[in-house]
Amino acid sequence: MGKPGAFLTLGRKAHDLRPVSERVGDYDELYVTLTREAQQLQASRCMMCGVAFCQTGVSFGKARPSGCPLHNLIPEWNDLIYRGQWREASDRLALTSPLPEFTSRVCPALCEAACNLGRDDEAETIHDNERAISDWEWANGGPRRFAPAAEGAKSVAVIGSGPAGLAAAWELARRGARVSIFEKSDRPGGLLTYGIPNMKLEKSVVKRRVELMHELGIEFRLEVDASDASVAEGILSEFDAVVVAVGAGVPRGLAAKGFDEGLAAGGVVFAVDYLTAATKSVLGDGPAAIDAKGKDVVVIGGGDTGNDCLGTAVRQGAKSVRQFEFMPAAPDVAAPSNQWPQWPNVKKTDYGQAEAIELMGGEMREWSIDTLEVLFGADGSVRALDVVDLDWSAGKPERKMESERSYPAQLVLIACGFTGPEAAVYRALGAKMAETGRPLPVMAEAGKHKCVAAGKTPVYAAGDARNGSSLVVSAIADAMACVDEVTAELGI
């Protein structure tokens, strides 16, 4: 929908980023959003598509799906934005998306990759349009309230307060359940709080959502570890159902010599631990427990988390930064076999990488590189990495030992992804874990969320805790599907 033919005369204009020289001096928001009027014009570019791939979602084998996992009614709220009907647009968005303030900031915009307009032109600014709706909503009273749970309502414990946990809790409470969220950290929000830097997702955005949930009767129990057997036993006896939404936070390490010793020495650090320490400092908890100031920093891993580490390291005043990626570099232009509406597998330079490149005077990323050994100084501290190039010409990596070399590194950040959720939570609740393959919970029925658990209290898994690490929007979508099963079983 939108203004007929607007896409023929009006080009795409997305949000800007603050200049590098300005933004690296603080942890404030990166983005400069359009005015409301300019966003309405951008929304007018939306076409009256026969099949709106942006909202339907399309999947191609093992490739990242394209289109919105939440099946947001994108053309409909684009039309409402264009017409200035912001309340109606927020109501339409709320039909499918419980937490748009998060997805509109940190989602990679799978919807835009599938936009019909993007096949031959520049895609609609769906991501920015969603944020404009959410920002308008919060500036005008916030999301629509619902009545707190009635006395005697069914009770559900949600373990974990990341994207899946918050989404599940919100939807369960909206449908009438009495919900308590258990979080082992000192603040709610999971990776939204500690896994994503403040400049990318301001923590005030998380805080206001948590405060609203508390206002609506959702309880938060912080610094409670459900993997403790006695805690888990108490949860199972107190609640009618349990939803495990702890994410997939077990980090993947390296096979390099000296890796474990580097972890013990403190010079090798998992990315989320580093980002958590940085965010705690930004939130006023004192100096960062892990600081890149004055150090040669190497980030191993090329995804979003690695990029966030770069952005944080340059803000802390790192002496130098480098980023190593095990895989070859993606092409600059999508391959003929990777065309619309597939997610484009192309080389991306994100905000942290752009900052590091500009501040360090040139490209600091290397692809097809493997870490052989962590090297130590006489005092036992990490001082360097011994690496080697990889040859992928045969389809699998072969080390080119003649390329072996060392780089200075007093801080090595491991951003190699995650292997799965912490199994201890499931074991404490009586649920089984897969004995082969990925360490994920075993479902009572294929394709469902309910786990095989001992006792009469049903235990469900949602988001990354069920599927392994994915995107915020995918975790939220899975949590919503989980809620359907929980409410059906409890008769809510």
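It should be noted that the structure appears before, not after, this text.
What counts, and where the lines are drawn
- Residues numbered from 1 in each chain as written.
- Predicted model: local features only at pLDDT ≥ 70, side-chain atom pairs only at ≥ 80, totals over all residues.
- Heavy atoms only, no water.
- Helix = DSSP H or I, 4+ residues; strand = E, 2+ residues; numbered from the N terminus.
- Rg over C-alpha atoms; globule rule 2.2 N^0.38 Å.
- Buried < 20%, exposed > 50% of the residue type's maximum accessible area, 1.4 Å probe, protein only.
- Contact = heavy atoms within 4.5 Å.
- Areas by Shrake-Rupley, 256 points an atom, 1.4 Å probe, with all protein chains shown as cover.
- Lys, Arg positive; Asp, Glu negative; His and termini not counted.
- Charge placed at Lys NZ, Arg CZ, Asp CG, Glu CD.
- Salt bridge = Lys/Arg side-chain N within 4 Å of Asp/Glu carboxyl O.
- Polar contact = N/O pair within 3.5 Å; in protein donor to acceptor, adjacent residues only side chain to side chain.
- Axes fitted to C-alpha atoms, helices over the stretch in contact; angles between N-to-C directions.
- Parallel < 35°, antiparallel > 145°, perpendicular 65-115°, else oblique.
- Left-handed = near helix turned anticlockwise from the far one by under 90°.
- Nonpolar A, V, L, I, M, F, W, Y, C, P; charged D, E, K, R; others polar.
- Pairing = 2+ DSSP bridges.
- Disulfide = S-S within 2.5 Å.
- Core = buried A, V, L, I, M, F, W, Y, C linked by side-chain atoms within 4.5 Å.
- Expected span 1.5 Å × (residues − 1).
- Phe/Tyr/Trp six-rings, centres within 6.5 Å; stacked < 30°, edge-to-face > 60°.

Asker: How would you explain the overall build of the chain if you had to name every residue and give the values?
Answerer: Across its full length, the chain carries 20 helices and 17 strands. Taking 2.2 N^0.38 as the reference for a compact globule, 492 residues should give roughly 23 Å; the C-alpha atoms of the chain span a radius of gyration of 23 Å, in line with that estimate. If one aligns the C-alpha atoms of the chain with their principal axes, the spans along those axes are about 65 × 65 × 45 Å. Looking at the chain residue by residue over its 492 residues, the buried ones come to 51%. Contacts in the chain between residues at least 24 apart in sequence constitute 68% of all its contacts with a sequence separation of at least 6. Carbon together with sulfur atoms contributes 51% to the accessible area of the chain, which is approximately 21200 Å² in total. In the chain, 52 positive and 66 negative side-chain charges are present, and the distance between their average locations comes to 2 Å.

Asker: So, the side chain of Asp 464: which residues are in play, and what are the values?
Answerer: One can find Asp 464 in helix α19 (residues 464-467). For the buried Asp 464, no salt bridge exists, and the shortest N-O distance to an oppositely charged side chain is 8.2 Å, to Arg 438. A polar contact is formed between the side chain of Asp 464 and the side chain of Ser 470, at a distance of 2.6 Å. Dropping the residues within four chain positions of it, Asp 464 is found in contact with Gly 247, Ala 248, Pro 421, Ser 469, Ser 470 and Ala 475.

Asker: I'd like a description of the packing of helix α3 (residues 36-43) against helix α9 (residues 126-139), backed by residues and values.
Answerer: Between α3 and α9, the least distance of the axes is 10 Å, while the angle of their chain directions is 140 degrees. What the angle tells us is that α3 and α9 run oblique. Considering how the two elements wind past one another, α3 and α9 form a crossing that is left-handed. Where α3 approaches α9, its residues Arg 36, Gln 39, Gln 42 and Ala 43 are matched on the opposing element by Asp 128, Asn 129, Ala 132 and Trp 136. Counted by class, the contact of α3 with α9 contains 3 nonpolar, 3 polar and 2 charged residues.

Asker: For the pairing of strand β13 (residues 382-391), give the residues involved together with the corresponding values.
Answerer: Within β13, 7 of the 10 residues are buried, leaving the element largely enclosed by the surrounding structure. In the sheet, strand β12 (residues 369-376) pairs with β13 via 7 bridges, with the strands oriented antiparallel. Pairing of Leu 375 across the sheet is with Ala 384, part of β13. Taking the residues between adjacent antiparallel strands as the criterion, β12 and β13 are bridged by 5 residues, where Gly 380 takes a positive phi near 90 degrees. Pairing between β13 and strand β14 (residues 398-408): 7 bridges, direction antiparallel. Pairing of Asp 391 across the sheet is with Glu 398, part of β14. Counting the residues that bridge the hairpin from β13 to β14 gives 6 residues, and of these Gly 395 lies at a positive phi of roughly 95 degrees.

Asker: Can you tell me about the state of the cysteines, naming the residues and giving the values?
Answerer: The full count for this structure, using the stated rule, is 0 disulfides. Of all cysteine sulfurs in the structure, the one in Cys 46 sits closest to Cys 54, which takes part in no disulfide; the separation is 6.3 Å. Considering cysteine sulfurs only, Cys 54 is the nearest to Cys 115, which forms no disulfide, with 6.4 Å between them.

Asker: Quick rundown of the nonpolar core? Include the residues and the values.
Answerer: In summary, soluble globular proteins display a tendency toward joint burial of nonpolar side chains. Counting 70 residues, the largest nonpolar core has Leu 172, Val 179, Ile 181, Val 243 and Val 486 as the members making the most contacts within it. The greatest single-element share of this core, amounting to 11 residues, is contributed by helix α20 (residues 472-490). Excluding its chain neighbours within four sequence positions, the residues that come into contact with Val 179 are Val 156, Val 158, Ala 169, Leu 172, Ala 173, Gly 217, Ile 218 and Glu 219. Ala 271, Ala 277, Val 297 and Cys 309 belong to the second largest nonpolar core, which has 22 residues in total.

Asker: Now, about the sheet that holds β13: what can you tell me, with residues and values included?
Answerer: Spatially, the 3 strands line up as an open sheet ordered β12-β13-β14, and their pairing is antiparallel. Since the sheet does not close on itself, it has two edges, and those belong to β12 and β14, each with one partner. Between one strand axis and the next, the sheet turns by 25 degrees as a mean value, whatever way the strands run.

Asker: Go over helix α16 (residues 304-316) with me, naming the residues and quoting the values.
Answerer: Here α16 spans 19 Å end to end across 13 residues, near enough to the 18 Å set by a 1.5 Å rise per residue. Burial in α16 covers these residues: Gly 306, Asn 307, Asp 308, Cys 309, Leu 310, Gly 311, Thr 312, Ala 313, Val 314, Arg 315 and Gln 316. The inward-facing, buried residues of α16 abut α2 (20-23), α15 (271-282), β9 (296-300), β10 (320-325), α17 (351-360) and β15 (411-414). Note on α16: the residue one or two positions beyond its end, Gly 317, has a positive phi of about 90 degrees.

Asker: Lay out the packing of aromatic side chains in plain terms, naming residues and giving numbers.
Answerer: Under the defined criterion, the tally for this structure stands at 6 aromatic pairs. Note on Phe 182 and Phe 239: the rings are 5.8 Å apart at their centroids and 85 degrees apart in plane angle, and the pair reads as edge-to-face. Separated by 57 residues along the polypeptide, Phe 182 in strand β4 (residues 178-183) and Phe 239 in the loop between α13 (229-238) and β6 (241-244) bring together distant segments of the chain. For Phe 182, a relative accessible area of 4% corresponds to the buried category. Relative to Phe 270, the ring of Phe 259 has its centre 6.1 Å away and its plane inclined at 70 degrees; by these criteria the two rings are edge-to-face. Linking Phe 259 in helix α14 (residues 259-265) with Phe 270 in strand β8 (residues 268-270), this pair joins segments that are 11 residues apart in sequence.

Asker: Pulling in residues and values, what's your account of unusual backbone geometry?
Answerer: Note that the residue after Trp 340, namely Pro 341, is joined by a cis bond; omega there is 5 degrees. Looking at where Pro 341 falls in the secondary structure, it is placed in the loop between β10 and α17. Backbone geometry places His 71, a non-glycine residue, at a positive phi of 60 degrees. With respect to the helices and strands, the residue His 71 is situated in the loop between α4 (53-56) and α5 (74-82). Positive phi outside glycine occurs at Glu 223, with the angle close to 55 degrees. Position of Glu 223 among the secondary structure elements: in the loop between β5 (219-222) and α13. Using a relative accessible area of 60% as the deciding quantity, one classes Glu 223 as exposed.

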